[in-house]
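Report on the structure
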Amino acid sequence: VIRLGGSGGPSSPTANTAGIYMDGGGALNVYGNSTNYFRVDGGSFEIKSDTFDLDASTIIMDSAASNGKIALGATPPSHASSSTGFYADGEGTFMVGNSSGNRIQYSDNAIVLQSRTFSLNATTLIMDSQANSGKIALGNTPPTSVAYTSNAGIYMDGTGDFLVRGDDLNYIKMYSNTIDIKSD
């Protein structure tokens, strides 16, 4: 056992006395005060700090910046509108991706979702940027095209096709420069 500090330092891995404690079993206690210490004992690892700053080149954790922040990346972003990677802080700001390209971001009370391609399938809502120059479909079983004939729903795409369907007798279709309206 090695102990350092005024009054002999901590007497155990969990003692609350200023100083350093080390033993041959791998236990370590570096204790400053009740809000600043580093402990390893058996299977537990505990750090408590008034402020914490970790900079490991591709990961940054800083408790003093922006009410706490975490940033990851080849060059971790310094805020949500810089660089490429992941950024989150205690002020509610968030960004994953490239701050000037494809990303999901929340900052300045705005949500930004930018992507060259995008697909959302939430069972009754489909949004797809790749199909038919972009498409949106809604319904219990969302329509797959204007030719859809099964259930009520809405379909529209970037080629100009449009369908609002209640049933076989009630619908509005627009496709191939044709408008077809049916109502009972």
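Reading guide: rules and limits
Residues numbered from 1 in each chain as written. Predicted model: local features only at pLDDT ≥ 70, side-chain atom pairs only at ≥ 80, totals over all residues. Heavy atoms only, no water. Buried < 20%, exposed > 50% of the residue type's maximum accessible area, 1.4 Å probe, protein only. Helix = DSSP H or I, 4+ residues; strand = E, 2+ residues; numbered from the N terminus. Pairing = 2+ DSSP bridges. Axes fitted to C-alpha atoms, helices over the stretch in contact; angles between N-to-C directions. Salt bridge = Lys/Arg side-chain N within 4 Å of Asp/Glu carboxyl O. Contact = heavy atoms within 4.5 Å. Phe/Tyr/Trp six-rings, centres within 6.5 Å; stacked < 30°, edge-to-face > 60°.

Next up on the list: the pairing of strand E11 (residues 103–107). Because side chains alternate across E11, one face comprises the buried residues Arg103, Gln105 and Ser107, and the other comprises Ile104 and Tyr106, none of which is buried. Where strand E10 (residues 94–98) lies against E11, 4 bridges are found, and the strand directions are antiparallel. Counted as the bridge partner of Met95 is Gln105 from E11. The turn linking E10 back onto E11 is made up of 4 residues.

The next subject is the environment of Phe94. Structurally, Phe94 can be placed in strand E10. Along the primary structure Phe94 and Ala80 are separated by 14 residues, whereas in three dimensions their C-alpha atoms are 5.9 Å apart.

The next subject is the sheet that holds E10. Strand order in the open sheet made by the 7 strands is E6-E7-E8-E9-E10-E11-E12, with antiparallel pairing throughout. A single partner strand is all that each edge strand has here, and the edge strands are strand E6 (53–55) and strand E12 (110–114). Sheet twist, expressed as the average angle between the axes of neighbouring strands with direction ignored, equals 10 degrees. Sheet topology note: the E6/strand E7 (residues 59–62) ladder contains 3 bridges and is antiparallel. In the strand pairing of E7, Asp53 is matched with Asp62.

Moving on, we get to unusual backbone geometry. Negative phi values dominate among residues other than glycine, just as trans dominates among peptide bonds. For Asn109, which is not glycine, the phi dihedral falls at a positive 60 degrees. On the accessibility criterion, Asn109 (72% relative accessible area) is exposed. Phi is positive for Thr123, close to 65 degrees, though the residue is something other than glycine. Its place among the elements puts Thr123 in the loop between strand E13 (119–121) and strand E14 (125–128).

Before going further, it helps to spend a moment on the sheet that holds strand E15 (residues 135–138). Strand order in the open sheet formed by 7 strands is E13-E14-E15-E16-E17-E18-E19, and the pairing between neighbours is antiparallel. Edge positions in the sheet fall to E13 and strand E19 (178–182), since each of these pairs with one other strand and no more. The mean angle between the axes of side-by-side strands here comes to 5 degrees, regardless of whether they run parallel or antiparallel. Note that E15 and strand E16 (residues 153–157) share 4 bridges and pair antiparallel. Residue pairing for E16: Ala137 is matched across the bridge by Tyr155.

Moving on to the pattern of salt bridges. For the structure shown, the criterion picks out 1 salt bridge. Ionic pairing is found between Arg165 and Asp168, a salt bridge with its closest N-O pair at 2.3 Å.

Along the chain, Asn29 falls in strand E3 (residues 28–33). Contacts of Asn29, omitting those with residues within four sequence positions, involve Pro10, Ser12, Pro13, Thr14, Ala15, Gly19, Ile20, Tyr21, Phe38 and Arg39.

This paragraph deals with the packing of aromatic side chains. Going through the model one piece at a time under the given rule, you end up with 3 aromatic pairs. With centroids separated by 5.6 Å and ring planes inclined at 15 degrees, the aromatic side chains of Tyr31 and Tyr37 adopt a geometry described as stacked. Since its relative accessible area comes to 11%, Tyr37 is described here as buried. Arranged with centres 5.3 Å apart and planes meeting at 85 degrees, the rings of Phe38 and Phe45 form a pair that is edge-to-face.

What follows concerns the pairing of strand E5 (residues 44–48). In this structure, strand E4 (residues 36–41) lies alongside E5, joined through 5 bridges in antiparallel fashion. Bridge pairing in E5 places Asp41 opposite Ser44. Connecting the antiparallel pair E4 and E5 is a turn made up of 2 residues, with Gly42 showing a positive phi of about 60 degrees.

Don't take any of this as a statement about function, it's just geometry.
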